Amino acid sequence: MRSPSPSLLGLVGRAALGALVLVAVVGPLLSLGLWSVAERWHWPAPFPQQVGMKYWSRMLQGDPLRALTRGVTIASVTTVLALAMAVPVAYLAARRRLPAGPLALALFILPQAFPQLPVFASATVLFYRWNLAGTVPGVVLIHLVGGLVYAVWTLTAAFRSIGPELEEAAQNLGASTTRTFFRVTLPLAMPGVVASAILVFLHSLDEFNGTLLVGAPYVTTLPVYMYTASLGYELQIASVTALVLMVPGVVLLLLLERFLRAEYLAFFGHL
Amino acid sequence: MNRWERWGWTLAALPAVLVLLVTFGLPLAQSLAASFVRDGRPTLENYALVYRLYRQDVLYTLGVAAAGVLLTFACGIHLAGYFRLRAWPWVEFLLKVPLFVPFVVTGHAMRVFLQPSGTLSLALGALGLVAPGTRLGLGEGWLGLVLALTWKHLALVVLLLVGAFRAVDDSYLEAAQGFGAGYLRQTWAVLVPMSATPLALACVLTLTSMLGSFSIPLLMSRGSGPQMLMIDLYYRFGQHGDFGVASALGVISYVLASGAVYAYLRSVAR
């Protein structure tokens, strides 16, 4: 395409646009950074009077550390369970062999479309009846709602991108479908499986709505901890926690930007 | 795939379906049913209470979501059109960052940034753009909420729109350029009409997400004045223990989200 000749107006506009995007995107995140190191900040000074790592070091002990390790444990269990359960569904869907196909797949997309909170509130009522409210298994179950949806869709895309020719070749040599799947299809789909696992893990680590309702009052993960701190005007603690919560996602964006396909990225919008 | 394998695979697929039925399907059905029951009797009283107590909040929620969608797409269309016509990778990358910032973190960041004594007031005061010590009241009302929701949703909208705009063939844009169309004309007269379907889809998804937003308003609201629907639902459920009215609020949000349900189901049917 013919590149337009740069006019003065165009260049000024371009610079203004770049500056505006920079301020709008980075500004709120920079405030978090400032608050996280502000040991003393009295209004209306534009900068903290005293900066230090006091609140960061507090992150490494006591309640926040417990919330972090508990969140990582829950996310790990959720990821393993979601992937193990989603692989058969995704493979059958990719090969169009899912019984009651469209109906079953609809079940795996509707949680994305409905507002989460009323459904989770209703699930909390059920979980109370089943003694799952306020327990780690209850929180894992609620994280599996989003986790299964993400896993099924990313894995279906991954399996579908592997053409049936290789599978047919293996089957012509006498391998069963199941053997072919484990020896041919699954290894080839490994990049997609890894992307799916990362997505489910991040979803669980960042999940707030369900954890707040189902986990209360005994299961506190990092997002719930951050919410409590922010509402209690412990802005430093909340800001440190917020930055810690952002780390995995931003690292992923920096490392994998080129490898993450647009349809995976679209899922992150729902975190 | 022989008969035994077919049975085996179907059996292996069953747990995922069962888990979603128990954690999503059953609660959804229960909330629909509970919205029509009060004190053990079938009734419309929950809806009457919603009308009496929350009708302003329903309108407020619709207004905030509509304003958010307008602002998001006013920015998103122009940005995506700009990136399509004049590539600018690092700004495009920068705009993707909020995609990876969880909703609840966005809520807290915007609270710190926009509240009256927040960092935006301080920065503008330090730069001399407002009198030092001015407390801008952006963060606590509807405008702050709209700005925060836009900040979070713009990333996904730009991502979807850039994808759609890149699918438009260069020859159309070159033809428009030949007639002297500039950036704005090319965006609005070529790119937007040729991407009508993905644009409408992105619009419906953004609207639903904003209508159902919970953690951002939860962290930004000051507890008085009109509230978003999900905040009402949370307090009705958590503090009043009134599952009936909470469910009625939920059913209203399902109805408002029906556009997204339709769009998603159509994408499955394809």
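Residues numbered from 1 in each chain as written. Chains lettered and ligands numbered in written order. Predicted model: local features only at pLDDT ≥ 70, side-chain atom pairs only at ≥ 80, totals over all residues. Heavy atoms only, no water.

Engineer: I tried to follow the overall build of chain A on my own but got confused; where do I start?
Structural biologist: Broken down by element type, chain A carries 14 helices and 2 strands. Each principal axis of the C-alpha atoms in chain A carries an extent, and together these give about 75 × 65 × 30 Å. Out of the 271 residues in chain A, the part that is buried amounts to 55%. A sequence separation of at least 24 residues applies to 70% of the contacts in chain A between residues at least 6 apart. When the accessible surface of chain A is totalled, it reaches about 12,100 Å², and 68% of it is carbon and sulfur. (Helix = DSSP H or I, 4+ residues; strand = E, 2+ residues; numbered from the N terminus. Buried < 20%, exposed > 50% of the residue type's maximum accessible area, 1.4 Å probe, protein only. Contact = heavy atoms within 4.5 Å. Areas by Shrake-Rupley, 256 points an atom, 1.4 Å probe, with all protein chains shown as cover.)

Engineer: So what exactly am I meant to see when it comes to the overall build of chain B here?
Structural biologist: Check the secondary structure of chain B and you find 13 helices and 2 strands. Projected onto its principal axes, the C-alpha positions of chain B cover 70 × 70 × 30 Å. Within chain B, the proportion of its 270 residues that are buried is 53%. When contacts within chain B are restricted to residue pairs at least 6 apart in sequence, long-range pairs at least 24 apart make up 71% of them.

Engineer: Just to check I follow, could you spell out the interface of chain A and chain B for this structure?
Structural biologist: Note: interface size is frequently given as the accessible area lost on complex formation between the parts. Counting residues at the interface gives 93 residues for chain A, matched by 85 residues for chain B. Around 8,400 Å² of area is buried between chain A and chain B when both sides are counted, 78% of it from carbon and sulfur atoms. If you look at where chain A meets chain B, you find 0 salt bridges. At the surface where chain A touches chain B, the tally comes to 13 residue pairs in polar contact (both at pLDDT 80 or more). When grouped by side-chain class, the residues that make up the side of chain A that touches chain B number 72 nonpolar, 15 polar and 6 charged. (Buried area = accessible area lost by both parts, 1.4 Å probe. Salt bridge = Lys/Arg side-chain N within 4 Å of Asp/Glu carboxyl O. Polar contact = N/O pair within 3.5 Å; in protein donor to acceptor, adjacent residues only side chain to side chain. Nonpolar A, V, L, I, M, F, W, Y, C, P; charged D, E, K, R; others polar.)

Engineer: Looking at this structure, how should I read empty space enclosed by the protein?
Structural biologist: It is the rolling of a water-molecule-sized probe over the atoms that shows where space remains empty. All names here are of chain A. In total, this model carries 4 cavities of 30 Å³ or more according to the counting rule given. Empty space within the second largest cavity amounts to approximately 90 Å³. Considering the residues around the second largest cavity, the lining is formed by 13 residues, among which Pro111, Gln116, Phe120, Val145 and Gly146 are closest to the centre. Elements supplying a minimum of two residues to the lining of the second largest cavity: α5 (110–113), α6 (116–129) and α7 (136–160). The greatest single-element share of the lining of the second largest cavity, amounting to 4 residues, is contributed by α7. Class assignment for the residues of the lining of the second largest cavity results in 8 nonpolar, 4 polar and 1 charged. (1 Å grid on protein atoms, 1.4 Å probe; cavity = no way out; pocket = protein on both sides within 12 Å on 5 of 7 lines; lining within 4 Å. Points joined across faces, edges and corners; volume = space filled by probe spheres on them.)

Engineer: Honestly, the pattern of salt bridges in this entry has me stumped. Any pointers?
Structural biologist: Under the defined criterion, the tally for this structure stands at 7 salt bridges over all chains. With a shortest N-O distance of 3.1 Å, A:Arg95 and A:Glu167 are connected by a salt bridge. Of this pair, A:Arg95 sits in the loop between α3 (62–94) and α4 (101–107) while A:Glu167 sits in helix α8 (residues 164–172), and the two are 72 residues apart along the sequence. Both residues of the pair, A:Arg95 and A:Glu167, count as buried. Residue B:Arg84 is joined to B:Asp170 by a salt bridge in which the shortest nitrogen-to-oxygen separation is 2.7 Å.

Engineer: Hey, could you run me through the packing of helix α12 (residues 222–231) of chain A against helix α4 (residues 103–114) of chain B in this one?
Structural biologist: To characterise two packed helices, one gives the angle between the axes of the helices and the distance between these axes. With their axes 10 Å apart at the nearest point, α12(A) and α4(B) run at an angle of 20° to one another. As the angle between them shows, α12(A) and α4(B) are arranged roughly parallel. In this structure, α12(A) meets α4(B) at a crossing whose hand is left-handed. Where α12(A) approaches α4(B), its residues A:Pro223, A:Met226, A:Ser230 and A:Leu231 are matched on the opposing element by B:Val104, B:Val105, B:His108 and B:Arg111. Here the residues of the contact of α12(A) with α4(B) are counted per class, giving 5 nonpolar, 2 polar and 1 charged. (Axes fitted to C-alpha atoms, helices over the stretch in contact; angles between N-to-C directions. Parallel < 35°, antiparallel > 145°, perpendicular 65-115°, else oblique. Left-handed = near helix turned anticlockwise from the far one by under 90°.)

Engineer: Would you mind showing me how to read the packing of aromatic side chains here?
Structural biologist: Within a pair of aromatic rings, the relevant descriptors are the distance that separates the centres and the angle that separates the planes. In total, this model carries 19 aromatic pairs over all chains according to the counting rule given. Ring-pair connections join several aromatic residues into one group, and the members of that group are A:Tyr91, A:Phe159, A:Phe181, A:Phe182 and B:Trp9. One Lys or Arg, B:Arg3, reaches over the ring of B:Trp4 and ends 6.0 Å from the middle of that ring. (Phe/Tyr/Trp six-rings, centres within 6.5 Å; stacked < 30°, edge-to-face > 60°. Lys NZ or Arg CZ within 6 Å of the ring centre and 35° of its normal.)

Engineer: Got a minute to help me understand a nonpolar patch on the surface in this structure?
Structural biologist: The grouping of B:Leu11, B:Leu14, B:Leu18 and B:Leu21 at the surface amounts to a nonpolar patch, some 370 Å² of accessible area in total. Within the fold, B:Leu21 resides in helix α1 (residues 3–34). (Patch = residues over 30% accessible without salt bridge, like charges linked within 9 Å, V, L, I, M, F, W, Y side chains within 5 Å.)

Engineer: Can you walk me through the domain arrangement of chain A in this structure?
Structural biologist: Residue and element names in this part refer to chain A. What the domain assignment reports for chain A is domain 1 (8–51) and domain 2 (54–268). The C-alpha centroid of domain 2 is placed 33 Å from the C-alpha centroid of domain 1. Residue-level contacts link 8 residues of domain 1 with 10 residues of domain 2. Note on domain 1 versus domain 2: buried area summed over both sides is about 810 Å², and carbon and sulfur give 67% of it. Of all residues in domain 1, the largest losses of buried area upon contact with domain 2 belong to Trp35, Ser36 and Glu39, amounting jointly to 61% of the total for that side. Our count for the contact surface shared by domain 1 and domain 2 stands at 0 salt bridges. (Domains from an automatic or database assignment.)

Engineer: Even after reading the chapter, I still don't get the nonpolar core, so can you show me in this structure?
Structural biologist: Nonpolar side chains in soluble globular proteins tend to end up buried together. Formed by 163 residues in total, the largest nonpolar core has its most connected members in A:Leu148, A:Phe159, B:Phe83, B:Val105 and B:Phe214. Considering every element that reaches this core, the biggest residue donor is helix α2 (residues 45–85) of chain B, with 15 residues. Two domains each donate at least three residues to this core, and these are domain 1 (8–51) and domain 2 (54–268) of chain A. Discounting residues that sit within four places of it in the chain, B:Val105 has contacts with A:Leu32, A:Met226, A:Ala242, A:Leu245 and A:Met246. Counting residues in each nonpolar core, the second largest holds 7 residues, with A:Ala38, A:Trp41, B:Val112 and B:Leu122 among its members. (Core = buried A, V, L, I, M, F, W, Y, C linked by side-chain atoms within 4.5 Å.)

Engineer: Any chance you could explain α6(A) here in plain terms?
Structural biologist: What sets the pattern is the α-helix's 3.6 residues per turn: residues three or four places apart point alike. Given a rise of 1.5 Å per residue, 14 residues ought to cover 20 Å, and the 20 Å separating the end C-alpha atoms of α6(A) matches this to within 8%. In terms of burial, α6(A) is largely enclosed, as 10 of its 14 residues are buried. Along α6(A), the residues that are buried comprise A:Leu117, A:Pro118, A:Val119, A:Phe120, A:Ala121, A:Ser122, A:Ala123, A:Thr124, A:Leu126 and A:Phe127. Where the residues of α6(A) are buried, they touch α7 and α11 (209–215) of chain A together with α1, α11 (229–238) and α12 (243–256) of chain B. (Expected span 1.5 Å × (residues − 1).)

Engineer: Help me understand the confidence of the model for chain A in this model?
Structural biologist: Any segment with low pLDDT has predicted coordinates that should not be analysed in fine detail. Model confidence for chain A is summarised by a mean pLDDT of 87, while 92% of its residues fall at 70 or above. Taking the mean pLDDT of every element in chain A, the minimum, 55, falls on helix α14 (residues 262–268) of chain A and the maximum, 96, on α6(A). (pLDDT = per-residue confidence, 0-100.)

Engineer: Would you mind showing me how to read α3(A) here?
Structural biologist: Residue and element names in this part refer to chain A. Its 33 residues give α3 an end-to-end C-alpha distance of 46 Å, which sits within 8% of 48 Å, the value for a rise of 1.5 Å per residue. Of all bends in α3, the biggest is about 35°, found at Ala86, and the proline Pro88 comes one to four residues later. Immediately beyond the C-terminal end of α3, within one or two residues, lies Arg96, with a positive phi of roughly 55°. (Bend = angle between axes of the 7 residues up to and from the residue.)

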